[in-house]
Amino acid sequence: MITPRLRGGHEVAQPVAVAGAEPGDAVAIRIRDIVVTSIATASGNDRWIDGRYNGDPYCARVCAGCGTPYPETRLEGIGQDAVRCANCGADATPFKFTNGYTIAFDEARRLGVTLFRDAAEEIAADAAHYAALPENSVQHPILAFAPHDLVGVVARLRPFMGQLGTSPSADMPDSHNAGDFGSFLVGAPHDFAMTAEDLVRHKTDGHMDVDAVRAGAILICPVKLPGGGIYLGDMHALQGDGEIAGHTCDVAGTVTLQVEVIKGGLGMDGPVLMPMAEDLPYLARPLTEHERVRARALAARWGLAEIEESAPISVIGSGPDLNAATDNGLERAAALLDMTVPEVKNRATITGAIEIGRHPGVVRVTFRAPMDALQRCGLADYAREQYGSD
């Protein structure tokens, strides 16, 4: 996010076409492996710097010194003033930390520890190496800022993809391919401006920042242009629900995916996630055999002949704020499973949860759905693969 030439803020992989994928289809992405290669990274909470962007610091950077949009920049030394316009030499980064940290990882990439000033500055002096930037990367590593407000904090790594999905059907910054940041494009003063209607039609919610999008999960995404254009990036070493600081531990790494086309698209408007069972809310986890036996006995006591067969599903919702994102997720789930929104609300209340993916406006609506509804919409086989069934 500190490299002004990048239109979307992140560096993401070039989209890959999937043979046979056409608009109206869906693709199922099995995340087989995610491996962090960075040795260290940095992050923190930030503030925007007025005069260095045109309405949006994430996707419309402007040099305050010479007025050049998306200026080429260079690093001069280390620290928060190190990103300089190549044309006039002015400080060009649109963000500065209010509280930041540098975190180094162990060799197994299981733990990280935040570092003191001298260590952070040592790493900053060779930032590209410690970030393990790919050879075609053009970003300035955030390690160059050498933030060190938090010292000695231990964090567990659990890598996931902040961006993974299909390409939108109109040009938009990668960071805005969701309903929350995408809402910043509506009526914007820069080249990526679009109407609210166009945003809904074209976005695919590929920028989710949902921490359950990790190895072992299955992500099912709508196709909105020929080939689908599967892309990925914004890899995170770790994050709690919400990415509440605005940023987390961005890292380099490798990802292994297995992809298949689902013809007809299931009527999907946005992504559906089949998380690992351990990432499900307690109430949404598949029933154990012992629980099923007890439930059948209870049902029989009250004259109920059978209990519902079900499996978990997690529907992504996005919008300008968390309330709008929740409504969007509920409506998507209702349409997908041919239910009413009130029914989805009840199911999410007693067999699931609403969880924050990213503040301000990405959520996942998770609950146990009836197997017959999953069968009708084409998701039953994926649910059985991931969880078995009740």
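These numbers come from a predicted model, not from an experiment.

Enquirer: I'd like a description of the sheet that holds strand S2 (residues 40-48), backed by residues and values.
Expert: Pairing is antiparallel across the open sheet formed by four strands, whose spatial order is S2-S5-S6-S7. In the strand order of this sheet, the two ends are held by S2 and strand S7 (154-156), each with one partner. Between one strand and the next, the sheet's axes are offset by a mean angle of 30 degrees, whatever the strand orientation.

Enquirer: Quick one: what's the story with helix H5 (residues 289-301), residue by residue and with numbers?
Expert: For H5, which comprises 13 residues, the first-to-last C-alpha distance of 19 Å matches the rise-based estimate of 18 Å (1.5 Å per residue) to within 8%. Of the residues one or two after H5, Gly 303 is the one with positive phi, at around 80 degrees.

Enquirer: Let's hear about helix H1 (residues 117-124): which residues, and what values?
Expert: All of the buried residues along H1 are Ala 119, Ala 120, Ile 123 and Ala 124. In a view along the axis of H1, the buried residues occupy a sector of 140 degrees, so they form one face of it. Among the exposed residues of H1, those pointing more than 90 degrees away from its buried face are Asp 118 and Glu 122. Packed against the buried residues of H1 are S2, strand S5 (95-105) and helix H2 (127-131).

Enquirer: Can you explain the sheet that holds strand S11 (residues 253-262)? Please cite residues and give values.
Expert: Within the open sheet, the seven strands sit side by side as S11-S1-S9-S12-S13-S15-S14. Their pairing is antiparallel. The sheet is open, and its two edges are formed by S11 and strand S14 (352-358), each paired on a single side. Neighbour-to-neighbour, the strand axes of the sheet open up by a mean angle of 25 degrees, direction not taken into account. Sheet analysis places strand S13 (residues 310-318) next to strand S15 (residues 362-370), joined by nine bridges and oriented antiparallel. By the bridge assignment, Val 315 is partnered in S15 with Val 365. Across the sheet, helix H7 (residues 341-351) is in contact with S14 and S15; its angle to S15 comes to roughly 90 degrees.

Enquirer: Pulling in residues and values, what's your account of a nonpolar patch on the surface?
Expert: Nonpolar side chains collect at one region of the surface, where Leu 111, Val 113 and Val 154 lie side by side and expose about 240 Å² of accessible area between them. Mapped onto the elements, Leu 111 comes out in strand S6 (residues 111-114). We classify Leu 111 as partly exposed; its relative accessible area is 38%.

Enquirer: If you had to explain empty space enclosed by the protein to someone new, which residues and values would you point to?
Expert: A full pass over the atoms with the stated rule returns one cavity of 30 Å³ or more. What lines the largest cavity is a set of 14 residues, and nearest its centre among them are Met 1, His 10, Glu 243, Gly 246 and His 247. Tallied by class, residues from the lining of the largest cavity come to three nonpolar, six polar and five charged.

Enquirer: I'd like a rundown of the state of the cysteines, residues and numbers included.
Expert: One pass over the full model with this rule turns up zero disulfides. Just so you know, Cys 59 is unpaired, no disulfide at all, and the nearest cysteine sulfur is the one on Cys 63, 17 Å from it. For Cys 63, which is in no disulfide, the shortest distance to another cysteine sulfur is to Cys 88 and amounts to 3.5 Å.

Enquirer: Got a sec to walk through unusual backbone geometry? Specific residues and values, please.
Expert: Excluding glycine, a negative phi dihedral is what most residues carry, and trans is how most peptide bonds are arranged. A cis geometry characterises the amide bond from His 359 onward to Pro 360, with omega recorded as 25 degrees. Structurally, the position occupied by Pro 360 is in the loop between S14 and S15. The backbone of Ala 146 shows a phi angle near 50 degrees, a positive value even though the residue is not glycine. The exposure class of Ala 146 is buried, given its relative accessible area of 5%. A positive phi is found at Glu 243, a non-glycine position, where the angle reads about 40 degrees. Tracing the backbone shows Glu 243 in the loop between strand S10 (231-236) and S11. A relative accessible area of 7% means that Glu 243 is categorised as buried.

So, how was this worked out
- In this numbering scheme, every chain counts its residues from 1 along its sequence in written order.
- Where local features are concerned, this predicted model is filtered to residues with pLDDT of at least 70; where side-chain atom pairs are given and counted, the filter is 80 or more; whole-chain, interface and lining totals use all residues.
- With hydrogens and water stripped out, all remaining heavy atoms of the structure feed into the side-chain values.
- Whether two strands pair depends on DSSP finding at least two bridges between them.
- Secondary structure counts use DSSP, requiring at least four H or I residues in a row for a helix and at least two E residues in a row for a strand, with both numbered from the N terminus.
- To get an axis, fit a line to the C-alpha atoms, keeping to the stretch in contact for a helix; angles then go from 0 to 180 degrees between the N-to-C directions.
- A helix is expected to span 1.5 Å for every residue after the first.
- Whether a residue is buried, partly exposed or exposed follows from its accessible area with a 1.4 Å probe, protein chains only, as a fraction of its type maximum: under 20%, in between, or over 50%, in that order.
- To be clear, the arc concerns the directions from the helix axis to the C-beta atoms.
- Throughout, a residue-residue contact means that at least one pair of heavy atoms, one from each residue, lies within 4.5 Å.
- Residues with no salt bridge and a relative accessible area higher than 30% make up the patches, which join like charges within 9 Å and nonpolar side chains (Val, Leu, Ile, Met, Phe, Trp, Tyr) within 5 Å.
- Method for areas: the Shrake-Rupley scheme with a 1.4 Å probe, in which residue coverage is limited to the protein chains shown.
- Take a side-chain nitrogen of Lys or Arg and a carboxyl oxygen of Asp or Glu: if they are within 4 Å of each other, that pair is a salt bridge.
- Only protein atoms enter the 1 Å grid, on which a cavity is a set of points fitting a 1.4 Å probe that cannot get out and a pocket is an open set with protein on both sides within 12 Å along at least 5 of 7 lines, lining residues being those with an atom within 4 Å of a point.
- Grid points are joined across faces, edges and corners, and a volume is the space filled by probe spheres set on the points.
- When residues are grouped by polarity, Ala, Val, Leu, Ile, Met, Phe, Trp, Tyr, Cys and Pro land in nonpolar, Asp, Glu, Lys and Arg in charged, and all others, Gly among them, in polar.
- Any two cysteine sulfur atoms within 2.5 Å of one another count as a disulfide.

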